[in-house]
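Descriptive structure summary
For reference, the chains in residue letters:
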2 protein chains.
Amino acid sequence: MALKNLTFDKIDITGGFWHEKQELIRKTTIWNVYKRFCDTGRFPAFKMDWKEGMPNRPNIFWDSDVAKWLESVAYLTLKQREPELEAIVDEVVDDIERGRMEDGYFNICYELFEPQNRFKFRGNHELYCAGHLIEAAVAYNKATGKNKFLHLMEDYAKLIKRIFMDEESAAFDSPGHEEIELALVRLYDHTGNRDYLDLALFFINKRGSQAKLPENDNYHRGTHIQDHLPVREQFTAEGHAVRACYLYCAMADLAERTDDAELKNACEKLFKNITEARMYITGSIGSSHVLEEFENDYRLPNDTAYAETCAALALALFARRMQAFGPDSRYADTVERIIYNGFLSGLSLDGKSFFYENAHEIDLEQRKSVRSSLHERRNTHFPITQRIEVFGCSCCPPNVTRFIPSIADFIYSYDDTTVYVNQYMASTASLGELTLTQETNYPFEGCIKLTISGGSRRIAFRIPAWCRVWSIGRNGASVDTAINNGYAYVDAADGDVLTLSLRISVRRVKSNPRVLTNRGLIAVTYGPFVMCLEGVDNGGSLTNVKLVGKTATVGFDEKLGLPCIYHPAVRESIKGLYSDIVSSEPFTAKLIPYHAFANRGETDMRIWVENI
Amino acid sequence: MALKNLTFDKIDITGGFWHEKQELIRKTTIWNVYKRFCDTGRFPAFKMDWKEGMPNRPNIFWDSDVAKWLESVAYLTLKQREPELEAIVDEVVDDIERGRMEDGYFNICYELFEPQNRFKFRGNHELYCAGHLIEAAVAYNKATGKNKFLHLMEDYAKLIKRIFMDEESAAFDSPGHEEIELALVRLYDHTGNRDYLDLALFFINKRGSQAKLPENDNYHRGTHIQDHLPVREQFTAEGHAVRACYLYCAMADLAERTDDAELKNACEKLFKNITEARMYITGSIGSSHVLEEFENDYRLPNDTAYAETCAALALALFARRMQAFGPDSRYADTVERIIYNGFLSGLSLDGKSFFYENAHEIDLEQRKSVRSSLHERRNTHFPITQRIEVFGCSCCPPNVTRFIPSIADFIYSYDDTTVYVNQYMASTASLGELTLTQETNYPFEGCIKLTISGGSRRIAFRIPAWCRVWSIGRNGASVDTAINNGYAYVDAADGDVLTLSLRISVRRVKSNPRVLTNRGLIAVTYGPFVMCLEGVDNGGSLTNVKLVGKTATVGFDEKLGLPCIYHPAVRESIKGLYSDIVSSEPFTAKLIPYHAFANRGETDMRIWVENI
């Protein structure tokens with residue numbers, strides 16, 4: 001029972017939480033990233049006139065950084081033309097046209113430094129950059145109707161197909177950093193040219209075969225790049241978390257488009273493995289800084305969490321594709337977990353700065369005490385405590401700017417009879433003859449009013465896994481319904497107004513006891529928000545803070561514009577390293593949504609805490 | 001206010017817990033280690049006739065393995081002659097006499113493989129082996145009065161002094177693995193030859209200066225071998241835990257013998273750093289398998305604990321030396337913590353097999369689920385779950401066999417007016433004209449009867465940090481006294497019988513909240529024993545076990561011959577990775593002393609557990 005996801009071009013976010021975030025991207029973030037990408041030489045690099053000795057030597061992944069920014073502009077433009085931003089895109093497209101090689105190849109570093117070596121080194125992000133440019137080109141064509149970028153990228157895609165698939169003359173046969181696979185599916189969806197789908201399939205099918213690499217080339221094979229097994233036999237999420245989820249996105253895309261049960265089975269197992277053993281409560285993934293990888297099952301350290309913003313985002317993209325396999329609220333629950341927590345923490349509240357790694361605990365004293373010893377360098381890596389505007393490897397900022405404008409992608413899925421409401425956002429959507437209007441102040445309030453016009457349809461509301469008490473009404477009258485696969489179904493005729501009431505309450509969540517770092521601790525959640533303590537609200541150090549009892553008061557932090565929770569607590573001290581002599585001092589702790597941490601200066605932060 | 005430690009040659013352990021262990025060493029362990037050291041080529045290697053192509057190629061640390069065994073025999077012999085064991089020692093001594101070089105040099109590997117390279121490579125355990133041979137020679141001379149071994153080692157020590165100190169012709173100027181420093185102090189104490197003390201001081205003072213090494217030789221300098229700073233400026237315990245504590249032993253020895261306040265200050269800071277931030281509750285240290293090192297403050301993972309038996313033992317040796325600086329029960333408390341827990345776990349109850357690494361938590365299911373992935377190899381290392389008879393690097397077994405026969409070293413310290421009773425063991429001790437007789441079934445019972453004869457003295461009983469309720473009697477009458485620095489003082493005349501009653505009870509110990517792995521968890525202790533849960537007593541998996549309430553029943557496990565604790569508990573399960581839906585099933589948990597874990601087959605084990 002396959003579903004389709006309604007794409008965001010059919011949906012306008014009309015107000016509330018995500019509207020504000022979208023406005024922030026449009027007014028502040030997109031420009032701030034542009035400025036930093038100019039300062040650091042990324043946009044200038046497209047002029048292809050960099051010479052040795054000049055500052056800002058181009059890096060192998062710069063094409064992709066800018067490509068995601070171009071894609072972001074396309075998404076903003078789709079909703080509201082932005083002539084100034086469009087002019088920048090057009091200039092970059094002209095740069096690409098001028099700069100590309102005669103046969104359609106485009107890559108800044110290879111063309112500048114070693115054109116003779118193109119398609120020779122699996123590890124050099126060449127096809128990754130191509131993939132992001134293709135995604136941008138598709139998006140820009142869709143948004144503006146302009147063809148040039150798309151044609152340039154079609155030429156490039158055709159070249160790639162010839163070299164890799166037809167002539168098999170490249171030195172490797174699947175990329176070291178996945179991305180082009182899902183981009184080629186998008187290009188296929190957009191153009192209808194089956195070649196692109198075939199090429200995506202080719203890359204997917206070659207992965208894990210390692211046929212072309214020298215036997216001793218261990219760097220460019222193995223779990224890090226999901227090359228340890230044929231993809232249909234990969235059941236645990238291994239290696240670099242972003243690469244992994246980009247791959248899984250393409251696998252899910254192809255499973256659906258080619259009706260490949262084995263591929264679908266692998267996707268389901270991978271999703272289950274991630275969400276049941278390798279994901280933070282925030283939806284973040286990739287717990288290790290060592291090569292930005294997934295760690296073994298249940299190894300989810302808080303203080304050294306890597307939890308890259310791009311990885312959380314990539315998991316949301318994967319979950320959205322899984323949603324198409326059939327109604328199962330686990331997918332949308334995971335998306336919700338990510339977008340309100342481990343993804344959103346990547347962006348500052350003022351829209352100007354970013355986390356690449358997302359700390360899941362900060363203990364400033366502990367960090368001070370960690371000497372820059374052998375062990376610090378080898379085994380203990382703490383993420384930064386304050387967001388910054390640009391990184392040396394700055395993949396996350398333009399990923400945030402393309403994700404938020406397209407967030408409505410996650411709201412609806414549907415089949416012939418039913419519309420699945422996966423996310424709650426104030427919005428108007430067009431689905432064929434149908435118009436779906438959501439009025440809600442979610443996630444601040446749990447009431448969603450959905451008006452259906454233009455036809456009748458069965459509506460399936462996702463009942464979030466965190467929600468215990470809910471009710472549904474139709475035109476003011478209560479409706480009896482049951483949950484199936486996490487959705488509550490109700491029939492709606494043209495003009496009907498449905499109301500879903502989700503009771504949002506303070507919850508004390510435990511984790512599987514195999515997650516050693518969280519044993520004996522709880523996390524407080526409020527609706528979809530995972531809450532955290534910050535030192536700035538709680539007297540500095542959080543090391544010895546414990547929550548007391550089971551009663552809490554919900555408040556609202558006007559400055560953050562977010563709900564907060566007041567909870568009885570103590571500071572508990574013990575004598576020495578081990579003791580049963582405990583002294584404690586009561587106080588009222590304040591918790592705020594995790595994603596908003598580190599917006600008020602450098603301070604301690606904790607999600608998991610004792611509750612005595 | 002310096003004290004002296006009464007050495008074990010003046011004390012006989014007459015019964016009880018440690019007497020049984022000493023008999024086990026004498027009857028079983030010493031022979032079992034001998035057998036394994038023959039099988040693996042260690043004893044035969046002293047014949048110096050190994051040739052390429054033969055099995056059991058000698059290793060650079062074999063001299064030290066056998067040396068510690070020789071020292072063990074000396075300790076056993078001191079209490080009761082063992083002709084068969086002595087004959088083996090004499091043969092090895094003859095081998096050394098025959099095998100040494102003309103100038104007194106002795107080292108199996110260097111002589112066999114590369115005599116031209118002696119004293120050229122800091123990392124090759126050359127002086128470490130020399131140190132253990134010197135310790136053995138001193139012990140054997142003391143035990144038997146035989147001179148040959150001592151003379152051979154004095155020749156060797158003189159050669160080392162000439163090469164390193166007088167001629168400065170060695171390629172390095174302090175060893176890569178400490179040990180010789182403390183051995184030279186023993187040689188000085190035994191012979192009165194000040195040269196040995198000077199050489200020990202020389203090595204200590206050169207450490208951290210790195211004068212002789214090429215600048216780019218990073219392998220042979222730095223924190224791993226405590227060479228990052230001059231020793232008087234080392235305030236945190238860094239690097240390889242055994243090396244570190246052997247060094248600290250020598251530093252304390254030299255601080256005392258040369259009245260060096262700076263050195264003493266460093267020792268105090270190092271001891272504090274270890275015991276307040278880098279030590280397991282069992283007294284084990286060196287939490288990382290990566291180079292067997294101390295990790296940063298409070299990083300004490302349970303499941304991947306390295307916790308080498310030799311390291312715990314070395315910390316006890318260091319604590320004993322610190323004890324001499326003046327009365328402070330922290331030192332003897334630490335010794336007690338080690339000898340009943342993290343050291344003793346190194347030996348099986350049958351006396352035949354050993355842990356090198358001492359697991360501090362075993363979850364067999366978790367281990368199964370950990371794939372042999374990149375991350376497993378790089379970051380996740382689990383210690384073995386069952387003791388074995390010999391290791392490739394088999395330093396721990398002969399360290400156990402020399403430690404237990406000399407355990408009475410830890411009982412008493414004294415000055416002109418006072419005898420400090422640091423450890424409670426049934427024993428008879430001679431201190432000058434004084435005889436001190438302890439009658440006790442400690443640690444099974446908390447009652448100690450101490451009879452003083454031959455003179456009068458002030459007696460200072462250590463009140464263990466774990467003990468809350470205690471009383472002292474003299475000749476049947478209660479004595480009022482107060483604790484000072486952890487000791488309770490009472491005057492005793494010739495013939496007086498003092499009784500110390502320590503109430504042994506079940507305690508629930510917390511750790512400093514900076515120890516992330518233990519947050520929200522408790523450890524149960526009973527007297528000096530840290531208790532643990534084993535799967536074999538508790539229905540297999542311990543992952544989801546939580547103790548309930550504050551009442552427990554003390555029992556006795558006849559098979560283990562040890563106290564055990566029965567505690568109300570539940571198995572608590574949650575749905576998925578994160579949830580507030582909890583189901584629980586009550587049962588009665590059984591805890592046994594940690595040191596006795598893994599004596600009944602491979603099974604789960606946990607020390608730290610939730611108490612709800």
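Look up a bit, the structure's there.
Below or above, wherever it landed, is the structure these notes cover. Every chain begins its residue count from 1, and numbering advances along the sequence as written. Both sets of labels track the order of writing: A upward for chains, 1 upward for ligands. The predicted origin of the model limits local features to residues at a pLDDT of at least 70 and limits the giving and counting of side-chain atom pairs to 80 or more, whereas totals for whole chains, interfaces and linings rest on all residues. Based on all heavy atoms of the structure, the side-chain values leave hydrogens and waters out of the count.

So, the relation of the copies chain B and chain A
Spelled out, the test is: Superposition of the copies used a least-squares fit over C-alpha atoms from residues whose pLDDT is at least 70 in both.
Rotating chain B by 179° about the axis while translating it 0.0 Å along that axis superimposes it on chain A, leaving an RMSD of 0.0 Å. Taken together, these values place the two copies in the relation of a two-fold axis. Minimal C-alpha distance to the rotation axis in chain B is attained by Gly 520 of chain B, lying at 2.2 Å.

Some words on the packing of helix H4 (residues 83–99) of chain B against helix H6 (residues 126–144) of chain B
Residues and elements named next belong to chain B. Convention followed: All axes are obtained by fitting lines to C-alpha atoms, using only the stretch in contact for helices, and the reported angles, taken between N-to-C directions, cover 0 to 180 degrees. Secondary structure counts use DSSP, requiring at least four H or I residues in a row for a helix and at least two E residues in a row for a strand, with both numbered from the N terminus. Angle categories are assigned with fixed cut-offs, so that under 35 degrees is roughly parallel, over 145 is roughly antiparallel, 65 to 115 is roughly perpendicular, and the rest are oblique. For any pair of crossing helices, the crossing counts as left-handed if the nearer helix is rotated counterclockwise from the farther one by less than a right angle, and right-handed if it is rotated clockwise. Every residue pair with non-hydrogen atoms within 4.5 Å of one another is taken to be in contact. Three classes are used, and their members are as follows: Ala, Val, Leu, Ile, Met, Phe, Trp, Tyr, Cys and Pro are nonpolar, Asp, Glu, Lys and Arg are charged, and the others, Gly among them, are polar.
Contact geometry of H4 with H6 gives a least axis separation of 13 Å together with a crossing angle of 130°. Comparing their axes, H6 and H4 come out oblique. For the pair H4 and H6, the crossing hand works out as left-handed. Taking contact as the criterion, the partners of Glu 86, Val 89, Asp 90 and Ile 96 in H4 are, on H6, Leu 133, Tyr 140 and Thr 144. Grouping the amino acids of the contact of H4 with H6 by side-chain chemistry returns four nonpolar, one polar and two charged.

Overview of the environment of Asp 580 of chain A
Inclusion rule: Exposure classes here rest on a 1.4 Å probe applied to the protein chains alone. A residue is buried below 20% of its type maximum, exposed above 50%, and partly exposed in between. Counting of polar contacts relies on pairs of N or O atoms within 3.5 Å, with two restrictions inside protein: one atom must be capable of donating a hydrogen and the other of accepting it, and residues adjacent in sequence are counted only when both atoms are side-chain atoms.
Examined against the element boundaries, Asp 580 of chain A turns out to sit in the loop between strand E21 (578–579) and strand E22 (582–593). For Asp 580 of chain A, a relative accessible area of 25% corresponds to the partly exposed category. With 56 residues separating them in the primary sequence, Asp 580 of chain A and Val 524 of chain A have C-alpha atoms 27 Å apart. Apart from the residues lying within four places of it in its own chain, the contact partners of Asp 580 of chain A are Arg 468, Arg 507, Arg 508 and Val 509 of chain B. Only 2.4 Å separates the side chain of Asp 580 of chain A from the side chain of Arg 468 of chain B, close enough to count as a polar contact.

Let's talk about the nonpolar core
The condition that has to hold: Nonpolar core, defined: a set of buried Ala, Val, Leu, Ile, Met, Phe, Trp, Tyr and Cys residues in which side-chain atoms within 4.5 Å join the residues together.
With 204 residues, the main nonpolar core has Phe 318 and Ile 459 of chain B as its most contacted residues. Of the residues forming this core, the biggest block, 13 residues, is contributed by helix H10 (residues 241–258) of chain B. Beyond its immediate stretch of four places on either side in the chain, Phe 318 of chain B contacts Cys 245, Tyr 248, Cys 249, Ala 252, Cys 267, Leu 270, Phe 271 and Ile 274 of chain B. Phe 8, Phe 529, Leu 542 and Trp 608 of chain A belong to the second-largest nonpolar core, a separate cluster that totals 203 residues.

A few points about the interface of chain B and chain A
Threshold: Buried area is a sum: the accessible area each of two parts loses on coming together, probed at 1.4 Å, counted once for each and added. We define a salt bridge as a side-chain nitrogen of Lys or Arg found within 4 Å of a carboxyl oxygen belonging to Asp or Glu.
At the interface, 72 residues of chain B touch 72 residues of chain A. When the buried surface of chain B facing chain A is broken down by residue, Arg 519, Leu 577 and Tyr 578 of chain B rank first, second and third, together holding 15% of it. There are twelve salt bridges connecting chain B and chain A. At the boundary of chain B and chain A, one finds 24 residue pairs in polar contact (both at pLDDT 80 or more). By residue number, the principal contributor to the side of chain B that touches chain A is strand E15 (residues 506–511) of chain B, which donates five residues. When the residues that make up the side of chain B that touches chain A are grouped by side-chain class, the tally is 23 nonpolar, 23 polar and 26 charged.

Things to note about the pairing of strand E10 (residues 470–474) of chain B
Regular strands have side chains that alternate between both faces of the sheet. Residues and elements named next belong to chain B. This is how the line gets drawn: Here, a strand pair is defined by DSSP locating no fewer than two bridges between the strands.
Summarising the sheet, E10 and strand E14 (residues 497–502) pair through five bridges and their orientation is antiparallel. Bridging from a neighbouring strand, Trp 470 pairs with Leu 502 of E14. Where E10 lies against strand E11 (residues 477–479), three bridges are found, and the strand directions are antiparallel. Across the sheet, residue Gly 473 finds its bridge partner in E11, namely Ser 478. Linking E10 to E11, which pair antiparallel, is a turn of two residues; within it Asn 475 sits at a positive phi near 50°.

With respect to the packing of aromatic side chains
Here is the rule: Any two rings among Phe, Tyr and Trp, with Trp reduced to its six-membered ring, count as a pair given centres within 6.5 Å; such a pair is stacked if its planes are under 30 degrees apart, edge-to-face if over 60, and tilted if neither. Either the NZ atom of lysine or the CZ atom of arginine qualifies as a charge over a ring when it sits within 6 Å of the ring centre and within 35 degrees of the ring normal.
Per the stated rule, a full pass over the model turns up 71 aromatic pairs over all chains. When the centroid spacing of 6.3 Å and the interplanar angle of 70° are considered together, the rings of Tyr 340 of chain A and Tyr 442 of chain A count as edge-to-face. Linking Tyr 340 of chain A in helix H13 (residues 329–342) with Tyr 442 of chain A in the loop between strand E7 (434–440) and strand E8 (447–453), this pair joins segments that are 102 residues apart in sequence. With respect to burial, Tyr 340 of chain A and Tyr 442 of chain A carry one shared label: buried. Through a chain of ring-to-ring contacts, the aromatic side chains of Phe 17, Trp 18, Tyr 340, Tyr 424, Tyr 442, Phe 444, Phe 461, Phe 529 and Phe 556 of chain A assemble into a single cluster. Its guanidinium or amino end placed over the ring of Phe 113 of chain B, Arg 57 of chain B lies 3.9 Å from that ring's centre, counting from NZ or CZ.

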